[in-house]
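Below, each chain spelled out in residue letters.
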Amino acid sequence: MSKPVVATTSLAGCFGCHMSLLDIDERILDLIELVEFNKSPINDIKKFTKKCDIGLIEGGCCNSENVHVLQDFREHCQILISVGECAIMGGLPAMRNGIPIKECLEEAYINGPTVKNNTEKIIPNDPEIPIMLDKVYPCHEVVKMDYHLPGCPPRADLIWEALVALITGNEMKLPYHVVKFD
Amino acid sequence: MNQIVKITIDGVECMATKGQYITDAAKENGIYIPTLCNYEGVKPRGSCRICTVKVNGRLMTACTTPVSENMEIENNADEIQELREAIIELLFIEGNHFCPACEKSGSCELQALAYRFHMMVPRFPYSFPQQEIDATNPKLVKDQNRCILCKRCIRAIKDEKGRSVFAYKRRSRHVEISIDPKIGKSLSDEMAQQAMDVCPVGALLVRERGFVVPIGERKYDNEPIGSDIEKLKE
Amino acid sequence: MKNFTQKTIEKYHHDKTRLMDILIAIQSESGHISPENVTQIANELNMSEVDVEQTISFYHFFSMKPTGKYSIYLNNSVVANMMGRADTAAAFEKEAGITFGEVTPDGLIGLFETACIGMNDQEPAAIINNRIFTRLTSFRAKEIIRDIKDGKKIEEMFSASFGDGANRNNLVKSVVTNNIRKIGPVLDPDYKVGEAIRKIIRMKPEEVISEVKHSNLRGRGGAGFPTGLKWEFCRNAIGKKKYIFCNADEGEPGTFKDRVILTELPRLLIEGMAVAAYTVEASEGILYIRYEYKYLEEYLEKILEEARMKNYLGKDIMGKKGFNFDIRIQFGAGAYVCGEESALIESAEGKRGEPRDRPPFPVEKGYLGMPTVVNNVETLCSVVKVMLNGGDWYRSFGTSESTGTKLLSISGDCRNPGVYEVSWGFSVHDMLEMVGTTGNVQAVQVGGPSGSLIGSDEFNRTLGYEDLATGGSLIIFGEKRDLLNDVVVNFMDFFIEESCGSCSTCRILPNVLKKKLEKILEGRGVEQDITDIETWGKFLKASRCGLGQTAANPILTSIKNFRHLYESKVQTRKEYDTGFDLQQAVKEACEASGREPNI
Ligand SMILES: Cc1cc2nc3c(=O)[nH]c(=O)nc-3n(C[C@H](O)[C@H](O)[C@H](O)COP(=O)(O)O)c2cc1C
Ligand code: SF4
Ligand code: SF4
Ligand code: SF4
Ligand code: FES
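Now for a quick tour of the structure. Just so you know, these numbers come straight off a predicted model, no measurement behind them.

1. Re a negative patch on the surface
All names here are of chain A. A surface patch of like charges, here negative, comprises Asp23, Asp25, Glu26, Asp30 and Glu33. Mapping Glu26 onto the fold places it in the loop between α1 (16–22) and α2 (27–34). Residue classification places Glu26 among the exposed residues on the basis of a relative accessible area of 57%.

If you want it as structure tokens, here you go:
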């Protein structure tokens, strides 16, 4: 039997969840034995080269590119997992939710105390840059997500347990201290 | 004087004092009924609905309902547990709960209930409301984003003349907590601390202090909420 | 010199429990309650300012900002919309030059929306400075604004002649009509005022209770609790003082029969309260009336005064030593939930109208902690007829489980909207025939938004506690009406805004359900969304009072009885749809930065 294929990405996240994934210590060696990585910042594969079994998503969707990547993951992965608070509920980036995006952009590019030299009062609008969404969306409010692993970041043990359970088909054993929201 | 009555909780026979609230009776019998808006020593107000149980087949809040002879109480029925999970999730989506950035994280009762009930993600869509942070009080900051409108602060904190320091404002989904601009000004340090302690979540915070207890030592870091009550049984 | 606020506070003896009256007086006098007023009230009543404000901000008709010299509150109920409210609203906005929720810069006109004002049989209707204007059109709206700008007094602004019956009374002078279309034993004006009191004072209170019990009369406010039993509980309860409350809050959209009783048969109601008082040994009565009926105040005060003169109220009533009872009127200030009996009591105590946790029930611990009976207007009126003619006579009407008659408030798509008194056991079918309908009737909302929306296959069902229990609100929808968009959404909005907000479930869930409904209506729904609504709706059953417990009924009963409407809107080819719309989500940012949505 071929090894399960795993893909990962960071949307509107801080890479902390990826760090936590790497934080499983020597079990990382087991992981490499257990799975094959496809598209992921860990191995720097930029494009899907095949269908994957598991997609790990860090971060929510704050712009159009995040949405496209997430939809791409949904298409290529059998199972999608929201990893961390940002993927689950927008996280810190979502603290802007509730403030109109126009106000956010103006604060960032025109009125903010650190803005200098933007005399023409331009909000970046090059067609190449992704477009901001009206709010930061939790992943499951954009596409269907199959599992959620909370934490900021999720404890390494949680990620590990979840992956092993999924791969082996065994039940997840989650001690009280591994599921935390902070 | 104290009349003892017999009740059952999930079929288990328990003794209780007549007139005692169901939550208290359960507690004395080592049974945990989750509560959130209830606070020891303060008149109950049935606002969070978490403690809902079935009393002789009817949904009632355990924190406000006194026991009486032969009451049959269901606390563990699937229907009740699912209801509680849903209420916890509703409270999460109603506000803006960014736990990683919250001073109360680890000691927050809402969060602790979510842990106890294994909430991974709320089933309801987030509402991301725009809420007020009131930092005008010299001692306290009120963050409406995290307030679950449990009324504990309203009920527990009064000034020396018996006047309310906290109150509801507006109604329906527009309700929020306000701190009295005048009485609030003369709040003592003790009262401010008391208000913060009374608040089950991170909505009332004493100014210029935060994250004083290290991660790992906070109230609910190591054991689920309610464990202390359940230990009584052993 | 003492200002108005000071005088008002003194009039109510610095009594906190009369805060509602104090606030109503100030709001009426100056169109708003200013921060200075709040400070003054707080100081004088030994309350904190936030405490005063928590009451003010609870009620729709209190405002801390000026509401205009003329404040126009236009009803936004389903039936108002059906009767052409949109045109009237647009005309008001155009002529006044403001949108709803605003006040003109000169402070002359304020335009506001308000929930059902109990005029469903004469919509669109509005309240302007406590007076009712009915059957509005865009033309009338123009006239009204012109009159306002011409500086006319409210009394000079009516163009039609006054309504029927006591609406023409000098103290009422209202264009409201009663539309009484069918009279039964309760509405029958042919009875001798005072006779019931004369009769019962020769009986023992226990005998009165047993007669009422024998009649099998049940509460007409909706919950249907046996009246005799309620009185017995209160009579047996221990308390220094006891109270009789008449619930004239009539807030369920679509009901207006209590208004008609208050207008035409106030003496009957007073007598009913006196009978109740004698029976439970209460010495004080409170007639709690919704603010929308404030135009009846002077008239009702006069009738109370007259009853005192005749000794139907007062000391040693009708010569019965020790039977002392008087009534005061308590107005609400715009909150549907205040119709719930314990919220009604809270409100009458000057507080937010938040229902209490029960037990204890009002019969044990009610107004000011004393045993209190709360009865609906119609219940109390029925009692008088029961005592006059006997329980057996009463039982000859209706069915064995639902004895007597019921006043129905019928409105919507029908020829003769109005109040009909019918015997219980009347079928929906007969009701439709009675009021006259044109074309096919698509649905009937039985019991207001908290009741159920039923379709033609259920029109053979009967009104009564054993089948379709109802407080009497019946709204008829013709075949052209869009039930989901126009009816269900409106009803959901009503519950969402009227929740007192103190239970988590009722405060949060109805809005979540409404958003799901909107998703379905926008064509983004899937079958799972319907199932979710059904499952989630059940959580509301854990709410404290009837409002929250029934708040999902508009959606749940329409799913049950009109499932095809939902199924025709959900996507059949998809099993899952989050409802996310990228075009929509980038729109604001594109506008803000001035770029094309090249997604
Ligand atoms: C949200 C809500 C609104 C209510 N509104 C009214 C009302 O407007 N009038 C009324 O008589 N009863 C109303 N009721 C019912 C009252 O709580 C109470 O049952 C009734 O006044 C008792 O009188 P009865 O026994 O004569 O019916 C309402 C209940 C709820 C839960
Ligand atoms: S109040 Fe509790 S649930 Fe809310 S953010 Fe803080 S820790 Fe999390
Ligand atoms: S501020 Fe805290 S104590 Fe007060 S109502 Fe909100 S959550 Fe409860
Ligand atoms: S159910 Fe709704 S209206 Fe009733 S008490 Fe609870 S929050 Fe208030
Ligand atoms: S703890 Fe009982 S309702 Fe909140």
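2. Regarding the interface of chain C and chain B
With 44 residues of chain C at the contact, the number on the chain B side is 46 residues. Summed over both partners, the interface of chain C with chain B comes to about 3,500 Å²; 53% of that surface belongs to carbon and sulfur atoms. Summed over the three residues of chain C that lose the most area to chain B, namely C:Val50, C:Arg507 and C:Phe539, the buried surface amounts to 18% of that side. Taken together, chain C and chain B are joined by seven salt bridges. Between B:Lys151 and C:Glu354 there is a salt bridge, with the nearest N and O atoms lying 2.4 Å from each other. For the interface between chain C and chain B, the tally reads 25 residue pairs in polar contact (both at pLDDT 80 or more). Of the residues forming the side of chain C that touches chain B, the biggest block, eight residues, is contributed by helix α19 (residues 504–521) of chain C. In terms of residue class, the side of chain C that touches chain B is made up of 16 nonpolar, 15 polar and 13 charged.

3. What about the interface of chain A and chain B?
Each partner contributes residues to the interface: chain A has 25 residues there, and chain B has 25 residues. Here chain A and chain B share one salt bridge between them. Between B:Arg218 and A:Asp182 there is a salt bridge, with the nearest N and O atoms lying 2.8 Å from each other. Taken together, chain A and chain B are joined by eight residue pairs in polar contact (both at pLDDT 80 or more). Take the side of chain A that touches chain B: its biggest share by element is three residues, from helix α4 (residues 85–89) of chain A.

4. Some remarks on unusual backbone geometry
In this chain, C:Glu123 is followed by C:Pro124 through a cis amide linkage whose omega measures -10°. Mapped onto the secondary structure, C:Pro124 falls in the loop between β2 (109–114) and β3 (126–128). The step from C:Pro359 to C:Pro360 runs through a cis peptide bond, and the omega angle for that step is 0°. If you check the backbone angles, B:Glu208 has positive phi at about 60° while not being a glycine. With respect to the helices and strands, the residue B:Glu208 is situated in the loop between β10 (204–206) and α6 (227–231). Positive phi is not limited to glycine here, since C:Asn311 has a value of about 65°. Along the chain, the position of C:Asn311 falls in the loop between α13 (297–309) and β8 (326–331). Residue classification places C:Asn311 among the partly exposed positions, given a relative accessible area of 21%.

5. Quick look at the packing of aromatic side chains
Applying the stated criterion across every chain, the model contains 24 aromatic pairs over all chains. Arranged with centres 4.8 Å apart and planes meeting at 70°, the rings of A:Phe48 and A:Phe73 form a pair that is edge-to-face. Of this pair, A:Phe48 sits in the loop between β2 (36–37) and β3 (52–58) while A:Phe73 sits in helix α3 (residues 64–76); the two residues are 25 residues apart in sequence, bridging distant segments of the chain. Here A:Phe48 matches A:Phe73 in class, with each residue buried. The interplanar angle of 75° and the centroid separation of 5.6 Å between the aromatic rings of C:Tyr59 and C:Phe62 together place this pair among those described as edge-to-face. There is no split in this pair, since C:Tyr59 and C:Phe62 are both buried. Through successive ring pairs, a cluster of aromatic residues spans A:Tyr176, A:Phe181, B:Phe92 and B:Tyr115. The ring of C:Tyr576 has A:Lys144 lying over it, and the distance from NZ or CZ to the ring centre is 5.3 Å. Its end group placed over the ring of C:Phe58, B:Arg171 keeps NZ or CZ at 5.8 Å from the ring centre.

6. With respect to the pairing of strand β7 (residues 140–143) of chain B
Residue and element names in this part refer to chain B. Pairing geometry for strand β6 (residues 133–134) and β7, over two bridges, is antiparallel. From the neighbouring strand, Ile133 faces β7, where its bridge partner is Asp143. The pairing of β7 with β10 spans three bridges and is classified as antiparallel. In the sheet register, Leu140 faces β10, and the bridge partner there is Val206.

7. Here we look at the sheet that holds strand β1 (residues 4–9) of chain B
Residues and elements named next belong to chain B. One open sheet holds the five strands; their spatial order is β2-β1-β5-β3-β4, and the pairing between them is mixed. In this open sheet, the two strands that pair with only one neighbour each are β2 (12–17) and β4 (58–61). Strand-to-strand twist of the sheet, defined as the mean angle between neighbouring strand axes without regard to direction, takes the value 40°. Strand direction decides the pairing type here: strand β3 (residues 52–55) and β4, joined by four bridges, are antiparallel. Considered in β4, the bridge of Lys54 is made with Leu59.

8. Overview of the pattern of salt bridges
In the structure shown here, the tally under the stated rule is 74 salt bridges over all chains. B:Arg171 is the salt-bridge partner of C:Glu498, the closest N and O atoms lying 3.2 Å from each other. In this pair, C:Glu498 is assigned in helix α18 (residues 483–498) and B:Arg171 in the loop between β8 (166–169) and β9 (176–179), connecting two distinct chains. Here C:Glu498 matches B:Arg171 in class, with each residue buried. Measuring nitrogen to oxygen at the nearest pair gives 2.8 Å for the salt bridge that ties C:Arg352 to C:Glu354.

9. Here's the deal with the nonpolar core
One broad trend across soluble globular proteins is that nonpolar side chains are buried collectively. By size, the foremost hydrophobic cluster in this structure holds 219 residues, and its most contacted members are B:Phe166, C:Trp231 and C:Phe325. For this core, the element with the highest residue contribution is helix α12 (residues 266–280) of chain C, accounting for ten residues. Not counting residues within four places of it along the chain, the set of residues in contact with C:Phe325 comprises C:Ile244, C:Met273, C:Ala274, C:Ala277, C:Ala282, C:Ser283, C:Glu284, C:Gly285, C:Leu313, C:Gly314 and C:Ile317. The next biggest cluster of nonpolar side chains, apart from the first, holds 33 residues, and it includes A:Cys61, A:Cys77, A:Cys104 and C:Phe580.

Rules behind the numbers
- Residues numbered from 1 in each chain as written.
- Chains lettered and ligands numbered in written order.
- Predicted model: local features only at pLDDT ≥ 70, side-chain atom pairs only at ≥ 80, totals over all residues.
- Heavy atoms only, no water.
- Patch = residues over 30% accessible without salt bridge, like charges linked within 9 Å, V, L, I, M, F, W, Y side chains within 5 Å.
- Areas by Shrake-Rupley, 256 points an atom, 1.4 Å probe, with all protein chains shown as cover.
- Salt bridge = Lys/Arg side-chain N within 4 Å of Asp/Glu carboxyl O.
- Lys, Arg positive; Asp, Glu negative; His and termini not counted.
- Charge placed at Lys NZ, Arg CZ, Asp CG, Glu CD.
- Helix = DSSP H or I, 4+ residues; strand = E, 2+ residues; numbered from the N terminus.
- Buried < 20%, exposed > 50% of the residue type's maximum accessible area, 1.4 Å probe, protein only.
- Contact = heavy atoms within 4.5 Å.
- Buried area = accessible area lost by both parts, 1.4 Å probe.
- Polar contact = N/O pair within 3.5 Å; in protein donor to acceptor, adjacent residues only side chain to side chain.
- Nonpolar A, V, L, I, M, F, W, Y, C, P; charged D, E, K, R; others polar.
- Phe/Tyr/Trp six-rings, centres within 6.5 Å; stacked < 30°, edge-to-face > 60°.
- Lys NZ or Arg CZ within 6 Å of the ring centre and 35° of its normal.
- Pairing = 2+ DSSP bridges.
- Axes fitted to C-alpha atoms, helices over the stretch in contact; angles between N-to-C directions.
- Core = buried A, V, L, I, M, F, W, Y, C linked by side-chain atoms within 4.5 Å.

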